[in-house]
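Here's the letter readout for the chains.
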Amino acid sequence: MSRFQWSLAELAELLDARLVGDGSHQITGLASLQQAAETDLSFLANAQYRKHLASSHAGGVLLTEVDAEGFAGNALIVANPYLCYARLSHHFDPKPKAPSGIHPTAVIATDARIDSSASIGAGAVIEQGVEIGAGVTVGAQCFIGARSRIGAGGWLAPRVTLYHDVRIGERVVIQSGAVLGSEGFGFASDRGVWQKIAQIGGVLIGDDVEIGANTTIDRGALSDTLIGNGVKLDNQIQIAHNVQIGDHTAMAACVGISGSTRIGRHCTIAGGVGMVGHIEICDNVFVSGMTMVTRSITEPGAYSSGTAMQPAAEWKKSAARIRQLDGLAKKVQQLEKQLLAVTPGSQDASES
């Protein structure tokens, strides 16, 4: 039997939705339109899936007023089905809740301050001067370095590493393998020999941040690396030293941000984007996937670089033409000069 059970009427009240159909129908899970059974609630948030609506076996569907027209099944009518699905997902989440207390195999420094409601997993190591707030979960085999702080309600999956002097706000989620406070890539050249620069800054993470698996955030070289409130970072992202990311910016997987870059608020950075160091990105910027950002962006909007996918044979032709562009540009300049030379009055017009 499912651990979750709600009637459609209860879900409608929870979401402040308009119920169409049988309010007593029981829902025990969430599923896509194609895979849903009679005890599942589904949603339609993308027009390309509308074709599956009529044939879905879902016991109820989150729909807008427009999409609900002509639908014969049970529906919860809302303005934003995807947002409502996001809210409901937490009521059907099977993730285990760790019990409060410290596992006997954890290694805790004597001066660490850990709230009694926190959960410290097996094999965790917590060094001197660490502070861990109320309701925090520290998963098995996590390492929390000296003087680091974790605010109330945080959740660290197993094998998260925090170096020393990492300060984390409240309700922060960090997935397995993430490393915060690693030493930034700082070296000075001495006649061709690289001399290491000590990274003496820290990392400061705001409230309600999520950090994906195997993402790394380097500590600052002098001042702290800063991650604002509500920032969402996907898996396998590299944030270099002294980067600053504004509130509620989101980044997809495999983004690489070079040192001392500043990114504004409410930006969306798609997968595989690379950014050079020491540039600034203003608020409300969208950067499409695999774009290479080589200069500052000062105007909100969407930005892209590179070429979209083509059949291989067509791409080879395009690549060959790109290699010819410099020569073509020089030929056009020569033709323009020749045209000016043979066109009566053209020189005078150009000088005026």
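Scroll up to find the structure this text is about.
Residues numbered from 1 in each chain as written. Predicted model: local features only at pLDDT ≥ 70, side-chain atom pairs only at ≥ 80, totals over all residues. Heavy atoms only, no water.

1. What about the packing of helix 1 (residues 8-15) against helix 3 (residues 81-89)?
Relative orientation and spacing of two packed helices are given, respectively, by the angle between their axes and the distance between those axes.
Then comes step 1: Running from amino to carboxyl end, helix 1 crosses helix 3 at an angle of 110 degrees, the nearest separation of the two axes being 11 Å. It follows that helix 1 is roughly perpendicular to helix 3 by the angle criterion. Of helix 3, the residues touching helix 1 (which contributes Leu-11, Leu-14 and Leu-15) are Cys-84, Arg-87 and Leu-88.
Then comes step 2: In terms of residue class, the contact of helix 1 with helix 3 is built from 5 nonpolar, no polar and 1 charged. (Axes fitted to C-alpha atoms, helices over the stretch in contact; angles between N-to-C directions. Helix = DSSP H or I, 4+ residues; strand = E, 2+ residues; numbered from the N terminus. Parallel < 35°, antiparallel > 145°, perpendicular 65-115°, else oblique. Contact = heavy atoms within 4.5 Å. Nonpolar A, V, L, I, M, F, W, Y, C, P; charged D, E, K, R; others polar.)

2. Overview of the side chain of Asn-74
Then comes step 1: By the element assignment, Asn-74 lies in the loop between helix 2 (65-68) and strand 7 (75-77).
Then comes step 2: In terms of polar contacts, Asn-74 uses its side chain to reach the backbone amide nitrogen of Asp-22, at 2.9 Å.
Then comes step 3: Among the polar contacts listed, one links the side chain of Asn-74 to the backbone oxygen of Gly-59, at a separation of 2.9 Å.
Then comes step 4: Once residues lying within four places of it in the same chain are set aside, the contact partners of Asn-74 are Leu-8, Val-20, Gly-21, Asp-22, His-25, Gly-59, Gly-60 and Val-61. (Polar contact = N/O pair within 3.5 Å; in protein donor to acceptor, adjacent residues only side chain to side chain.)

3. Describing the sheet that holds strand 10 (residues 113-114)
Then comes step 1: Reading across from one edge, 10-13-16-19-24-27-30-33-36 is the order of the 9 strands in this open sheet, with parallel pairing throughout. Because the sheet does not close on itself, it has two edges, and the strands there are strand 10 and strand 36 (280-281).
Then comes step 2: Of the pairings in the sheet, the one linking strand 27 (residues 225-227) to strand 30 (residues 244-245) comprises 2 bridges and is parallel in character. Paired with Leu-226 across the bridge in strand 30 is Gln-244. (Pairing = 2+ DSSP bridges.)

4. Here's the deal with the sheet that holds strand 5 (residues 40-43)
Then comes step 1: Ordered by their spatial adjacency, 5 strands build an open sheet running 2-7-6-5-4, and the pairing between neighbours is mixed. Each edge of the sheet is formed by a strand with only one pairing partner; in this case those strands are strand 2 (18-20) and strand 4 (29-30).

5. Digging into the environment of Gly-123
Then comes step 1: One can find Gly-123 in the loop between strand 11 (119-120) and strand 12 (125-126).
Then comes step 2: By relative accessible area, which is 32% here, Gly-123 ends up partly exposed.
Then comes step 3: For the pair formed by Gly-123 and Gly-306, sequence separation is 183 residues and the distance between their alpha carbons is 46 Å.
Then comes step 4: Those residues in contact with Gly-123, other than ones at most four positions away along the chain, are Thr-105, Ala-106, Gln-141 and Cys-142. (Buried < 20%, exposed > 50% of the residue type's maximum accessible area, 1.4 Å probe, protein only.)

6. Concerning unusual backbone geometry
Then comes step 1: Within the chain, Asn-214 stands out as a residue other than glycine whose phi angle is a positive 60 degrees.
Then comes step 2: Locating Asn-214 in the fold gives a position in the loop between strand 25 (210-211) and strand 26 (216-218).
Then comes step 3: If you check the backbone angles, His-266 has positive phi at about 55 degrees while not being a glycine.
Then comes step 4: Among the secondary structure elements, His-266 is positioned in the loop between strand 33 (262-263) and strand 34 (268-269).
Then comes step 5: For His-266, a relative accessible area of 44% translates into the label partly exposed.

7. Here's the deal with the nonpolar core
Then comes step 1: Within the largest apolar cluster, 50 residues are counted, with the highest numbers of intra-cluster contacts made by Leu-162, Ile-174, Leu-180, Ile-205, Ile-239 and Met-251.
Then comes step 2: Of all the elements in the fold, those that place two or more residues in this core are strand 19 (166-168), strand 24 (203-205) and strand 37 (285-287).
Then comes step 3: Setting aside anything within four residues of it in sequence, one finds Ile-205 in contact with Arg-167, Ile-168, Gly-169, Val-172, Leu-180, Ile-211, Ile-217 and Ile-227.
Then comes step 4: Core analysis: the second largest hydrophobic core is formed by 15 residues, Leu-8, Ile-27, Phe-43 and Cys-84 among them. (Core = buried A, V, L, I, M, F, W, Y, C linked by side-chain atoms within 4.5 Å.)

8. As for the side chain of Ser-56
Then comes step 1: Along the chain, Ser-56 turns up in the loop between strand 5 and strand 6 (60-63).
Then comes step 2: One polar contact links the side chain of Ser-56 to the main-chain carbonyl oxygen of Leu-33, over a distance of 2.9 Å.
Then comes step 3: Filtering out sequence-adjacent residues up to four positions away, Ser-56 remains in contact with Leu-33 and Ala-36.

9. Quick notes on helix 1
Then comes step 1: Burial in helix 1 covers these residues: Leu-8, Leu-11, Ala-12 and Leu-15. An end-on view of helix 1 places all buried positions within 105 degrees of arc, on one side of the element.
Then comes step 2: At the exit of helix 1 stands Asp-16, carrying a positive phi of roughly 55 degrees. (Arc of directions from axis to C-beta.)

10. Points about a nonpolar patch on the surface
Then comes step 1: A grouping of Phe-185, Phe-187 and Trp-194 is seen on the molecular surface, where their side chains present a nonpolar patch of about 420 Å² in accessible area.
Then comes step 2: If you trace the backbone, Phe-187 turns up in strand 22 (residues 187-190).
Then comes step 3: Residue classification places Phe-187 among the partly exposed positions, given a relative accessible area of 34%. (Patch = residues over 30% accessible without salt bridge, like charges linked within 9 Å, V, L, I, M, F, W, Y side chains within 5 Å. Areas by Shrake-Rupley, 256 points an atom, 1.4 Å probe, with all protein chains shown as cover. Salt bridge = Lys/Arg side-chain N within 4 Å of Asp/Glu carboxyl O.)

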